[in-house]
Each structure stands twice: as structure tokens, then as C-alpha cells.
Amino acid sequence: MSHLLLLTNSNEPSDHVLPALGLLLHSVRVAPAEAGALLASGAGTGSSAPVDAILVDARTDLAAARNFCRLLDTTGLDCPLLVILTEGGVAALTPDWQVDDFVLTSAGPAEVEARLRLAVGSAEAGTDDPDEIRRGDLVIDEATYIARLRGRILDLTFKEFELLKFLAQHPGRVFTRAQLLQEVWGYDYFGGTRTIDVHVRRLRAKLGSEYESLIGTVRNVGYRFVPDPVSKGQPPSTEGADGALPAARTEAATG
């Protein structure tokens, strides 16, 4: 039995949104189609109330559902995201919805069960080694504190490793400099947020020109990990206007 989270703005019960759910034994929680519902439900946060898959109701407002799915993707979900569509709505589904699969409202219980099993199974297959994080050509081994890029070991300091690991654990999610200081350096660190800019600059240099855009800059906000930036068409990140340090000042910061 899987634990499912159904995000919908409809007041209907789950077996009205997707009738097949009423014939399956899965545990289904229903919440509003709002990003805040993820925090309230514990989805993607490693809480004691796990979510194996998230279903988004996209039966009516396709444009709003698409934007909502893309927003959810930026939160660094650690479970599959499926969208519920009518047969007519399937024509609007494109890769930029950032979902793992779709389910038709008319699908029978056997088909829904198979799609859920495949989606959840694929997600679990990517977490066979709890000490290893794989993001394309980048492999981060938490047990040995070694990061490899296409088999090449990166010569990282402890804080550089921790910063890279933290960002890679939450692909696509944007973190402010203050958040990164808190998560990587800890509450008792008294240095300024410029330390983050210094470490990001050094990390990018060690990743090399081909992979420096793995760490993306969001102007006036902070940084995020960009998985496979080349294939997704992401331009290389640039610094300066968003508050990053000029090169001449990087030697003054310490970590």
C-alpha cells in the first residue's frame, strides 16, 4: 500500500477526482493545490508521515495546473509527481510540466495501480545507496567525503563539499545566502553571507567551465543546483549584478 497525496482545489472526495482510487487500497490524503500543502503534509521533508507519490488534479484549469506542477518541481520533491487529466487535457501535456507521469480520469484501477507502481519503483531505484548522491555526471559519496565528476575526483575543502552536497540534495530549489549559511555553516557561525559567494566561486572553478553552471545564480535571491544544465538548455550562471564578490576580493574570505 502506498501513501498518496492528492492536491486539488475541488471539494470532491478523492474517488470522485480519480474514481479508480476508490477501488484501490492506497492511503490517500487530500490537500489544497498550494505549495504550502507540502509542508503541512510532510511531503518531501523526511517527516514521519511519508508520501510515496503526489497526484495533482488538472481536470479543469490546465494552465494553472501546469504552473503549479512547475512550482512543485522547484521545491526539490523526493517522490514522484503525477498529474490527473481528462482525455481532452492530455493534448496540453508537454515536458515542461515537469511531471513523472499522468493518469486519465477514466483509467481503471489496474492501470492506475501499474502507473503508481512504476513511478514509485523508479524513485526508489534511485536511492539504493543512501550514502551516494547522483546528479548526472556528478557523484557525491557522503561516507567518504569524495565528489567525482565524470570519474574525476574533485579537490574540495570540507565546506565546499558540504555546500555542494546540500545543493545537490535539493535540485532546482533556490536557497538564499542566509539559508545556506544556516544549513551548511550552522547557527553558531558569525561570518557574513559573502562567505557563500566565495565558496560558490571556488566550487565553480573546480567544477570547470563545462560544469560550472550546475550551480545556478538566481539574481537578488541566492543559488540553486541545476541538474544537467546543458540538456535542459540552462545558460551558464553569471555573477556580479546579483551581489557576488568580485574576483579580487575572494582571497579575503575564509570558511
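This section reports on the structure supplied with the text. (Residues numbered from 1 in each chain as written. Predicted model: local features only at pLDDT ≥ 70, side-chain atom pairs only at ≥ 80, totals over all residues. Heavy atoms only, no water.)

### Concerning the sheet that holds strand E5 (residues 101-104)
Alright, step 1. In spatial order, the strands read E2-E1-E3-E4-E5; together these five strands make up an open sheet with parallel pairing. Of all strands in the sheet, those bounded by a partner on one side alone are strand E2 (27-31) and E5. Neighbour-to-neighbour, the strand axes of this sheet turn through a mean angle of 25°, independent of strand direction.
Alright, step 2. Taken together, the five bridges between strand E1 (residues 3-7) and E2 define a ladder with parallel strand orientation. Bridge pairing links Leu 5 to Arg 29 in E2.
Alright, step 3. Docked against the sheet, helix H3 (residues 62-73) engages E1, strand E3 (53-57) and strand E4 (81-85), running at close to 155° with respect to E3. (Pairing = 2+ DSSP bridges. Helix = DSSP H or I, 4+ residues; strand = E, 2+ residues; numbered from the N terminus. Axes fitted to C-alpha atoms, helices over the stretch in contact; angles between N-to-C directions. Contact = heavy atoms within 4.5 Å.)

### Some words on the sheet that holds strand E9 (residues 152-153)
Alright, step 1. With antiparallel pairing, the four strands of this open sheet are ordered in space as E6-E7-E8-E9. The sheet is open, and its two edges are formed by strand E6 (132-135) and E9, each paired on a single side.
Alright, step 2. Sheet analysis places strand E7 (residues 138-141) next to strand E8 (residues 146-149), joined by four bridges and oriented antiparallel. Bridge pairing in E8 places Val 139 opposite Arg 148.

### Topic: the nonpolar core
Side chains of nonpolar character tend, in soluble globular proteins, to be buried together.
Alright, step 1. Core analysis: the largest hydrophobic core is formed by 27 residues, its most contacted members being Ile 140, Leu 154, Leu 164, Leu 180 and Ile 215.
Alright, step 2. Residue assignment for this core shows that the elements contributing at least two residues are E7, E8, helix H5 (158-169), helix H6 (177-185), helix H7 (194-207) and strand E12 (222-225).
Alright, step 3. Of all the elements, H5 adds the most residues to this core, at six residues.
Alright, step 4. Leave out the neighbours within four places in its chain, and Leu 180 touches Leu 163, Phe 166, Leu 167, Phe 175, Trp 185, Ile 196 and Tyr 223. (Core = buried A, V, L, I, M, F, W, Y, C linked by side-chain atoms within 4.5 Å. Buried < 20%, exposed > 50% of the residue type's maximum accessible area, 1.4 Å probe, protein only.)

### A closer look at H7
Alright, step 1. Counted at 1.5 Å a residue, the expected span for H7 with its 14 residues is 20 Å, and the 20 Å between its end C-alpha atoms agrees.
Alright, step 2. Among the residues of H7, those classed as buried are Thr 195, Ile 196, Asp 197, Val 198, His 199, Val 200, Leu 203, Arg 204 and Leu 207.
Alright, step 3. At its buried positions, H7 is contacted by E8, E9, H5, H6, strand E11 (215-218) and E12.
Alright, step 4. Following H7 by one or two positions, Gly 208 has its phi on the positive side, about 90°. (Expected span 1.5 Å × (residues − 1).)

### Digging into unusual backbone geometry
Alright, step 1. With a phi close to 55°, Arg 150 is a non-glycine residue in the positive phi region.
Alright, step 2. Along the polypeptide, Arg 150 turns up in the loop between E8 and E9.
Alright, step 3. When its relative accessible area of 59% is taken as the criterion, Arg 150 is described as exposed.
Alright, step 4. One non-glycine residue, Asn 220, lies in positive phi territory at about 65°.
Alright, step 5. Take Asn 220: its relative accessible area is 67%, and that puts it in the exposed class.

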